[in-house]
Amino acid sequence: MAHLFQVDRVRLLCSCGILKPITAIYFCRHCLKLRCGNCVSHEVDTLFCPNCLENMPSTEARLKKNRCANCFDCPSCSHTLSTRATSIQAPYPEDPSKWVTRKVYYLACTSCRWTSRDVGLKDQTVATGGWAEQDNEHYKYLQSLLEHYRSVAQQEKGDRERKRFSHRKSSYLSLSDKYSLPSLLGRKSLTPLSPFAPKGDGSQGSEMTPLEATSEVDGLPDNIFSEEVVLSSVANMEQRMSSPEWQPENTSDLYPLHKHILVKRSLRCRHCEHNLSKPEYNPSSIKFKIQLGAFYHVPEVRMVHKVDLKSGVETNVQISLCNPTPHDMTVALLPFVPEAYAAVLQKAEDPADGGSLSTSSLVRVVDIPVEKTDLTPTADVALPQGQLVLAARDDTAEYDDQDSISSYKDDPHVVAWRRANKVGVNLLVTPKPEAKQANVGFVLRYDYTNTVATATESRTVTLNIPIMVDVGSVTEHCDEE
Ligand SMILES: [Zn+2]
Ligand SMILES: [Zn+2]
Ligand SMILES: [Zn+2]
Ligand SMILES: [Zn+2]
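Within every chain, residues take consecutive numbers counted from 1 along the sequence as written. A letter from A marks each chain and a number from 1 marks each ligand, given out in the order of writing. Owing to the predicted nature of the model, reporting of local features is limited to residues with pLDDT of at least 70; listing and counting of side-chain atom pairs is limited to 80 or more, with chain, interface and lining totals taken over all residues. Working from all heavy atoms in the structure, the side-chain values ignore hydrogens and water.

## Quick word on the coordination of the zinc ion (ligand 1)
Here a donor is any nitrogen, oxygen or sulfur atom (N, O, S) within 2.8 Å of the metal, with 3.2 Å used for Na, K and Ca; water is not among the atoms considered, so some sites may look incomplete. With distances of 2.2 to 2.3 Å, the protein atoms coordinating the zinc ion (ligand 1) are Cys-14 (SG), Cys-16 (SG), Cys-36 (SG) and Cys-39 (SG). For the zinc ion (ligand 1), the four donor atoms in the first shell make angles of 103 to 114° at the metal, a pattern classed as tetrahedral. Spacing between the donor residues of the zinc ion (ligand 1) along their common chain follows C-x1-C-x19-C-x2-C. Only four donors with every angle between 85 and 135 degrees are called tetrahedral; only four or six donors with opposite donors over 155 degrees apart and all others between 65 and 115 are called square planar or octahedral, in that order; all others are irregular.

Written as C-alpha cells, this is what we have:
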C-alpha cells in the first residue's frame, strides 16, 4: 500500500518557494496561486475548550490564561480527567449521631487511573467546579513583572508613535497585544517608564530591580545519596513542566491542570485578502464555510507502485493523476527547470516578505526558519509528450460495476490505465550516478476552470505547478561494464 506512506513523496512548490505536500497547501482562486501555512495570514476566529466546547471571547480567555475553568487534564498523563461520583457516609448535619449517605465527586483519569484522591484532594459535593486553585508563592512577583512589562510596552508604543512615519512595520503581533495593553489604556497611572529605573515621582509605576545572577546554588538534600530512589514517586520532566508555576518534583504533588483552550483559525491570502479557509463559528462543528485546499482544485499526483531503482538504469515509474474538479481537465507534463524558480526561492529566504496586509487583528504565526528548498533533481525523467484529458470527478462513478468504455484515444505507451477521473501515466526515470535518492521534477500544466465568476477574466485558465517527486532510494548498479 504505497499510497499510505507517500504524503511527503509528492511535493508541490508553493508560490512562496517552499515544497509542501498537497494536503498542506491551499489554492487561492482569486490569485490563482498556491498558498501554504507559511505565506498566509492566520486569524483567530473562536476560542473554545476542546472538552466542554464552551467558547469565550478573547478578553475572557486572556483573563483565564487561555484555560477552561471547568475542565481538567490529568497531571500524570495529560489525558482529560472525568468526574466520578461515589457515595460516602457522613454525619447528619442536624443530628451528628445519625449517618446519611451523600454523593461526592472526584476527578479520575480513565487512561492512567490517576485520581484527585491520590494526592489527598477533598471530594467535592458538586459535580462541576469547586476545586480550589493552587496558590502560587511567586504570584506577587509575577504580577509586578507583568506590570513592569506593560509599562515597557506602553513606552515602546509611545516611541513607535513618534517615529511612525520612518518606522517600517515588521510584525503583525503588536506589543499592545503581547502584554494585554488595551485593558490598561484607561488607567491614568500609566506613564512611560524607562526599564528598571526606580520611579520617584509618586506615580504607581513598576519599581523593578533586576535580579543578579549568582554562582551559589542550594546544595542537594542530605538524603539524596542515602535513600533509594523510587522512580514512580518522582514526577518526570513532562509532568513537571506541564505546570510551570509549581513544577512538582514528586508525583504526590501533582495537581489537576486546567485544560488549555484551542482556537479555530481562518486563513487569508496575504495578497488579495480573500479567505482561503474559514471554519464555522460553532466549536462543535467540524465543517468549514470556506475551504480552498489545493486538494479540491489541483490534480493530485501519486506514485502507484514502489519501484526498485538502480543507478544509471532507466526504470518505468507509474504515477496517477486525479482530477478533483467537476470539469474536464487537460493536463501536460513539462520539463522542470530549477533555474526558472530561482526568484521564487529567493523570496522564500527573505523573511521580511509580509505581503500587503497589516491589520492589527491579524496574527502572523511565528516565523519558522525556512529550510532551504532543494529543487535539484537527482534523476532524469522522460516525460510523456502531448496532452491528456482527465475526466471530471463523478461521485457516482465508484458505484459502477464495470469500467466505462474509454472514449479517450490514449497512447498505450503513455497511459497505463484510466479509471473515472484518474489516469495512470508512465514516466521513465534514470537516477543520476552517485545519487542515493531519486528526486524528479516536472511542471504540471493543467486547465483550471475557475468557478469564481468574474466578468473580465476567461473562466478557464492554464496553470503551471512545479512538482517534485521522491521516487525512492537508489541501489548500486552491480553489473557495470
Ligand atoms: Zn507558501
Ligand atoms: Zn471546558
Ligand atoms: Zn492520566
Ligand atoms: Zn489571493
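Back to the text.
## Observations regarding the coordination of the zinc ion (ligand 2)
The coordination sphere of the zinc ion (ligand 2), as far as protein atoms go, consists of Cys-49 (SG), Cys-52 (SG), Cys-68 (SG) and Cys-71 (SG), spread over 2.2 to 2.3 Å. Read N to C, the donor residues that coordinate the zinc ion (ligand 2) are spaced as C-x2-C-x15-C-x2-C. Taken together, the positions of Cys-52 in the loop between strand S5 (40-48) and strand S6 (55-56) and Cys-71 in strand S7 (residues 67-73) put the pair 19 residues apart, joining distant regions of the chain. With a relative accessible area of 6%, Cys-71 lands in the buried category. Starting at the N terminus, helices and strands are each numbered in turn, a helix being any DSSP run of H or I of at least four residues and a strand any DSSP run of E of at least two. Note on classification: 1.4 Å probe, protein chains only; a residue is buried when its accessible area is under 20% of the maximum for its type, exposed when over 50%, partly exposed between these limits.

## Looking at a nonpolar patch on the surface
Patches were defined on residues exceeding 30% relative accessible area and lacking a salt bridge, with like-charge contacts within 9 Å and nonpolar side-chain contacts (Val, Leu, Ile, Met, Phe, Trp, Tyr) within 5 Å. Using the Shrake-Rupley algorithm and a 1.4 Å probe, accessible areas are obtained, with residue cover drawn only from the displayed protein chains. When a carboxyl oxygen of Asp or Glu lies within 4 Å of a side-chain nitrogen of Lys or Arg, that pair is called a salt bridge. Taken together, the side chains of Tyr-141, Leu-142 and Leu-211 define a hydrophobic patch exposed on the protein surface, amounting to about 310 Å² of accessible area. Inspection of the secondary structure puts Tyr-141 in helix H2 (residues 139-162).

## Thoughts on the packing of aromatic side chains
Note on ring pairs: Phe, Tyr and Trp rings are taken, using the six-membered ring of Trp, and paired if centres are within 6.5 Å. Classes follow the plane angle, with under 30 degrees stacked, over 60 edge-to-face and the rest tilted. In the structure shown here, the tally under the stated rule is three aromatic pairs. Where Phe-27 meets Tyr-448, the ring centres are 5.0 Å apart and the plane angle is 70°; that geometry is what we call edge-to-face. With Phe-27 in strand S3 (residues 25-28) and Tyr-448 in strand S22 (residues 437-449), this residue pair connects regions lying 421 residues apart in the sequence. There is no split in this pair, since Phe-27 and Tyr-448 are both buried. Each ring, one from Phe-295 and one from Tyr-296, has its centre 6.1 Å from the other, and the planes form 90°; the classification is edge-to-face. Chaining the aromatic ring pairs together yields one cluster made of Phe-27, Tyr-446 and Tyr-448.

Geometry only, nothing functional implied.
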